[in-house]
Amino acid sequence: MKILNIHGYGAIAENTSGNALKKNGYEVVSPQIDYDTQEPYAIKKILEKLYTEQNCQAVTGNSMGGFFAVQIAKEYQCHAVLVNPCVQPFLTLPKLGFENQKFILQYIDLFSNFAKLDFSKIFAIIGEKDDLVNHDFIKYLLGKNNCILVADGGHAGATLPLEEIYKMHGNYFFGN
């Protein structure tokens with residue numbers, strides 16, 4: 001199975017989640033994204049094109065990548081795993097000093113896609129000690145059955161046992 005893996009804000013394409021997927025036998029496509037200079041609408045189009053051209057069957061997203069994983073899941077009705085997802089970047093980014101109002105307005109517009117999701121295909125892996133993103137909203141939307149909470153996990157993927165989680169739950173996550 002081929003999975004589109006989307007990194008977080010300020011992160012790199014080769015990330016912990018992608019490496020954990022590879023170690024579990026998945027083929028991974030991980031593009032490099034510059035969230036500071038690429039408009040959210042353009043990022044969404046790039047990811048959609050990559051998803052279709054690479055014949056991906058599912059998507060994962062870390063932090064800000066989780067927001068875009070939701071966009072792909074909505075568009076292609078595919079399974080998605082969100083790792084410490086930043087699903088409200090229009091609230092989180094300004095707290096980090098991000099000042100591009102045009103981009104923030106695009107994030108608000110794209111957020112409306114959450115209302116069109118098939119939540120039975122969306123899963124989240126959440127570090128309970130994440131001090132960067134509040135996960136109450138995504139836990140509410142997905143419910144207990146679609147969230148794996150890691151008690152000692154922080155925001156960084158390296159603080160989560162992703163390799164083990166994908167090994168135990170990969171078939172369930174990706175509908176195999």
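Structure first, text after, so check above.
Now for a quick tour of the structure. (Residues numbered from 1 in each chain as written. Predicted model: local features only at pLDDT ≥ 70, side-chain atom pairs only at ≥ 80, totals over all residues. Heavy atoms only, no water.)

1. Here we look at the nonpolar core
Here is the rule: What is meant by a nonpolar core is a set of buried Ala, Val, Leu, Ile, Met, Phe, Trp, Tyr and Cys residues, joined one to another through side-chain atoms within 4.5 Å. For each residue, the accessible area found with a 1.4 Å probe, counting protein chains only, is set against the maximum for its type, and the residue is called buried under 20%, exposed over 50%, and partly exposed in between. Helix and strand definitions follow DSSP, with helices as H or I runs of at least four residues and strands as E runs of at least two, each counted in order from the N terminus. Contacts were defined at the residue level, with two residues in contact if any of their heavy atoms lie within 4.5 Å.
Counting residues in each nonpolar core, the largest one holds 38 residues, and the members touching the most others are Leu4, Ile6, Phe68 and Tyr107. Going through the elements one at a time, strand E1 (2–6), helix H2 (40–53), helix H3 (64–76), strand E4 (79–83), helix H4 (89–95), helix H5 (101–111), strand E5 (122–127) and helix H6 (136–142) are the ones with two or more residues in this core. If one sorts the elements of this core by residue count, H3 sits on top with 7 residues. Setting aside chain neighbours within four positions, we find tyrosine 107 in contact with Tyr35, Pro40, Met64, Phe67, Phe68, Pro89, Phe90 and Leu93.

2. Considerations on the packing of helix H1 (residues 16–23) against helix H7 (residues 162–174)
Put simply, the rule reads: Interaxial angles span 0 to 180 degrees and are taken between N-to-C directions of axes, which are lines fitted to C-alpha atoms, for helices over the stretch in contact. If an angle is under 35 degrees, it is roughly parallel; if it is over 145, roughly antiparallel; if it lies from 65 to 115, roughly perpendicular; otherwise it is oblique. Any residue that is not Ala, Val, Leu, Ile, Met, Phe, Trp, Tyr, Cys, Pro, Asp, Glu, Lys or Arg is counted as polar, Gly included; the first ten are nonpolar and the last four charged.
Direction vectors running N to C along H1 and H7 enclose 70 degrees, while the axes themselves pass 9 Å from each other. Taken together, the axis directions place H1 and H7 in an arrangement best described as roughly perpendicular. Of H7, the residues touching H1 (which contributes Thr16, Ser17, Ala20, Leu21 and Lys23) are Leu162, Glu163, Tyr166 and Phe174. Looking at side-chain class alone, the contact of H1 with H7 contains 5 nonpolar, 2 polar and 2 charged residues.

3. Observations concerning H2
Threshold: In this analysis, the expected span of each helix is defined as 1.5 Å times one less than the number of residues it contains. As used here, the arc belongs to the directions running from the helix axis to the C-beta atoms.
Taking 1.5 Å of rise per residue, 14 residues should cover 20 Å, and H2 covers 20 Å from first to last C-alpha, within 8% of that figure. For H2, the full list of buried residues reads Pro40, Ile43, Lys44, Leu47, Glu48, Leu50 and Tyr51. Across the axial projection of H2, the buried residues extend over an arc of 165 degrees, all falling on one side. The exposed set on the far side of H2, more than 90 degrees from its buried face, consists of Lys45, Lys49 and Glu53. Residues of H2 that are buried make contact with E1, strand E2 (27–29), strand E3 (58–62), H3 and H5. A positive phi of about 55 degrees marks asparagine 55, the residue just after H2.

4. Thoughts on the sheet that holds E2
Note the threshold: Note on pairing: DSSP must find at least two bridges between two strands before they are called paired.
An order of E2-E1-E3-E4-E5-E6 is seen for the 6 strands of this open sheet, with the pairing classed as parallel. Of all the strands in the sheet, just E2 and strand E6 (147–150) have a single pairing partner and so form its edges. Across the sheet, the mean angle separating the axes of adjacent strands is 20 degrees when strand polarity is ignored. Bridging between E1 and E3 involves 4 bridges; their strand directions are parallel. Pairing of asparagine 5 across the sheet is with threonine 60, part of E3. In the packing of H1 onto the sheet, contacts are made with E1, E2, E3 and E4, and the angle to E1 comes to roughly 165 degrees. Most of the contacts of H7 go to E4, to which it runs at about 155 degrees, and overall it touches E1, E3, E4, E5 and E6.

5. Here we look at the packing of aromatic side chains
Quick note on the threshold: Side-chain rings of Phe, Tyr and Trp (the six-membered ring for Trp) are treated as a pair once their centres are within 6.5 Å; stacked means planes under 30 degrees apart, edge-to-face means over 60, and tilted covers the remaining angles.
Inspection of the entire model under this criterion finds 18 aromatic pairs. For the ring pair tyrosine 51 and tyrosine 76, a centre distance of 4.8 Å and an interplane angle of 25 degrees mean the geometry is stacked. Within this pair, whereas tyrosine 51 is found in helix H2, its partner tyrosine 76 is found in helix H3, the two being separated by 25 residues in sequence. Site record: aromatic cluster; members linked through ring pairs are Tyr9, Tyr35, Phe67, Phe68, Phe90, Phe98, Phe103, Tyr107, Phe111, Phe114 and Phe137.

6. So, the pattern of salt bridges
Rule in force here: Basic side-chain nitrogens of Lys or Arg form a salt bridge, by our definition, when they fall within 4 Å of a carboxyl oxygen of Asp or Glu.
In total, this model carries 10 salt bridges according to the counting rule given. Here glutamate 75 ties to lysine 74 by a salt bridge, and the two come within 3.8 Å at their closest N and O atoms. Of the residues examined, glutamate 75 reaches a relative accessible area of 38% and is grouped as partly exposed. For glutamate 128, the salt bridge identified is with lysine 139, shortest N-O distance 3.4 Å. Of the two residues, glutamate 128 is situated in the loop between E5 and H6 and lysine 139 in helix H6; the sequence distance between them amounts to 11 residues. Relative accessible area serves as the criterion here: at 41%, glutamate 128 is assigned to the partly exposed category. Taken together, the salt bridges that share partners define one network made up of Lys44, Glu48, Lys74 and Glu75.

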